[in-house]
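# Observations on chain architecture
Next come the chains, spelled out residue by residue.
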Amino acid sequence: TLKQGIIHNDDDNNDNELPLMKLSVEHRIPIIKNNHLSATKKEGRETSSSSSSSNNIQEFTTEELELECECLLVAAGRIPNLEGLDLEKASVSYDPKKGILVDEEARAVRNKNVFSVGDCTAGVPRLTHMSGEMAKLVVQNALFDDHWQLGSLIVPACMYTEPEYATVGIQTPNAPEEVETYMVSLKHVDRAILDGESEEGGYVKILAQKGTGIIVGGAIVASRAGEMINEISLAMKHGVTLEGIGRNIHCYPTTGEAIMGCGLQLINSKWETLDDKGNIKKKQKQS
């Protein structure tokens, strides 16, 4: 049970103060942002509200209301905890909301004897594995006089939902015109069929430069997407083309064959075909 300003936990008497509306538990997913509440409506359920922004989003602006839902997700956000460290005295510049300002070698921009690692650093993904990679970079640069660059890192990310959703590189909305998209549905992957996830809408999508096959991004929805995405990020890091992935033998049956399938789509697109008269069709040269 939720009341405005307080979460009430029925299992104990501990109250956590949060700026929330009054809610009860059942069908809808509330989204609270800047004291504004909206809720997604599940199919087959009617939702009443004073206003709506789309067919499946209901918005509420009243000070108090009662809403039935199944789950409450609170995303409060986070900022670097840098206040009180007197970084100015060490000539370490920082943005209170973004973090310590660094160069490509993770050195503080004004004091090259100071390195910054992890979520307190401005301009880097706030992911545990990114922090680990930054630690390796700083050890290499600080102790062994190397020059590893932050800009050279290929950083995948994964949301551990069911199924998982993993991404790396650019995604479809931001893809330039010279990028081609290759997609394989898990409906056609034998391991996904055996594991009962072929009907969950899973897929592998890989974006590659048109004409070269150089991989620039990818997305996977699957039960082990977080493990599968590493093959794509490895290829991006070391310049393995999508055709190279298609030529790499994958164990059968594995869900990873869907990644190989994207490569096979590129290979098959180069095949010569016959017209109705049995003549070889001329392939249009890719620009």
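In short, a report on the structure. None of the values given here were measured: they were computed from a predicted structure.

This paragraph deals with the overall build of the protein. Counting secondary structure elements, the protein contains five helices and 15 strands. Sequence-distant contacts, at least 24 apart, represent 44% of the contacts inside the protein between residues at least 6 apart. If you sum the accessible surface of the protein, you get close to 18400 Å²; carbon and sulfur atoms cover 50% of it.

So, on to helix α3 (residues 225-238). Between its first and last C-alpha, α3 extends 21 Å over 14 residues, near the 20 Å set by a 1.5 Å rise per residue. All buried positions along α3 are accounted for by A225, G226, M228, I229, I232, S233, A235 and M236. Lining the buried residues of α3 we find β11 (157-159), β12 (164-169), β14 (203-209), β15 (215-222), α4 (242-246) and α5 (257-268).

Next up on the list: helix α1 (residues 128-143). The end-to-end C-alpha separation of α1 is 22 Å, in line with the 22 Å expected for 16 residues at 1.5 Å each. The complete set of buried residues in α1 reads M130, M134, L137, V138 and N141. Projected down its long axis, α1 shows its buried positions confined to an angular sector of 100 degrees, all on one face. Turned more than 90 degrees away from the buried face of α1, the exposed residues are T128 and L143.

Here we take up the pairing of β15. Most of β15 is tucked away, with eight of its eight residues classed as buried. Sheet topology places β12 next to β15; six bridges connect them, and they run antiparallel. Counterpart to E164 in the pairing with β15 is A222. The pairing of β14 with β15 spans six bridges and is antiparallel. Looking across to β15, one finds that K205 is bridged to A219. Where β14 hands over to β15, the hairpin turn is made up of five residues, of which G211 adopts a positive phi near 90 degrees.

Read from one edge of the open sheet, five strands run β11-β12-β15-β14-β13, paired in antiparallel fashion. Looking along the sheet, the strands with just one partner apiece sit at the ends: β11 and β13 (179-185). Put simply, the sheet's adjacent strands are angled 10 degrees from each other on average, direction ignored.

By the element assignment, L153 lies in the loop between α1 and β11. Distance in space between the C-alpha atoms of L153 and M134 is 9.3 Å, their sequence separation being 19 residues. In contact with L153, not counting residues within four places along its chain, are M130 and E133.

Attention now goes to a nonpolar patch on the surface. Judged by side-chain polarity, V139, L143 and F144 come together as a nonpolar surface patch covering roughly 330 Å² of accessible area. Assignment of secondary structure puts V139 in helix α1. On the basis of relative accessibility, which here comes to 40%, the residue V139 falls in the partly exposed class.

Once that is clear, we can look at the nonpolar core. Counting residues in hydrophobic clusters, the biggest one holds 26 residues, and the most contacted among them are V204, I206, I215, I220, I232, L242 and I259. Secondary-structure elements contributing two or more residues to this core are β12, β13, β14, β15, α3, α4 and α5. A per-element tally of this core places α3 first, with six residues. Setting aside chain neighbours within four positions, we find V204 in contact with Y182, M183, V184, A219, I220, M228, A258, I259 and C262.

This next bit is on unusual backbone geometry. Residues E162 and P163 are joined by a peptide bond in cis, for which omega reads 0 degrees. Mapping P163 onto the fold places it in the loop between β11 and β12. Cis rather than trans, the peptide bond between Y252 and P253 has omega equal to -5 degrees. For P253, the location among the structural elements is in the loop between α4 and α5. Its identity as a non-glycine residue notwithstanding, D86 has a phi of 55 degrees, on the positive side.

What counts and how
- Residues numbered from 1 in each chain as written.
- Predicted model: local features only at pLDDT ≥ 70, side-chain atom pairs only at ≥ 80, totals over all residues.
- Heavy atoms only, no water.
- Helix = DSSP H or I, 4+ residues; strand = E, 2+ residues; numbered from the N terminus.
- Contact = heavy atoms within 4.5 Å.
- Areas by Shrake-Rupley, 256 points an atom, 1.4 Å probe, with all protein chains shown as cover.
- Expected span 1.5 Å × (residues − 1).
- Buried < 20%, exposed > 50% of the residue type's maximum accessible area, 1.4 Å probe, protein only.
- Arc of directions from axis to C-beta.
- Pairing = 2+ DSSP bridges.
- Axes fitted to C-alpha atoms, helices over the stretch in contact; angles between N-to-C directions.
- Patch = residues over 30% accessible without salt bridge, like charges linked within 9 Å, V, L, I, M, F, W, Y side chains within 5 Å.
- Salt bridge = Lys/Arg side-chain N within 4 Å of Asp/Glu carboxyl O.
- Core = buried A, V, L, I, M, F, W, Y, C linked by side-chain atoms within 4.5 Å.

Just distances and angles here, no functional claims.
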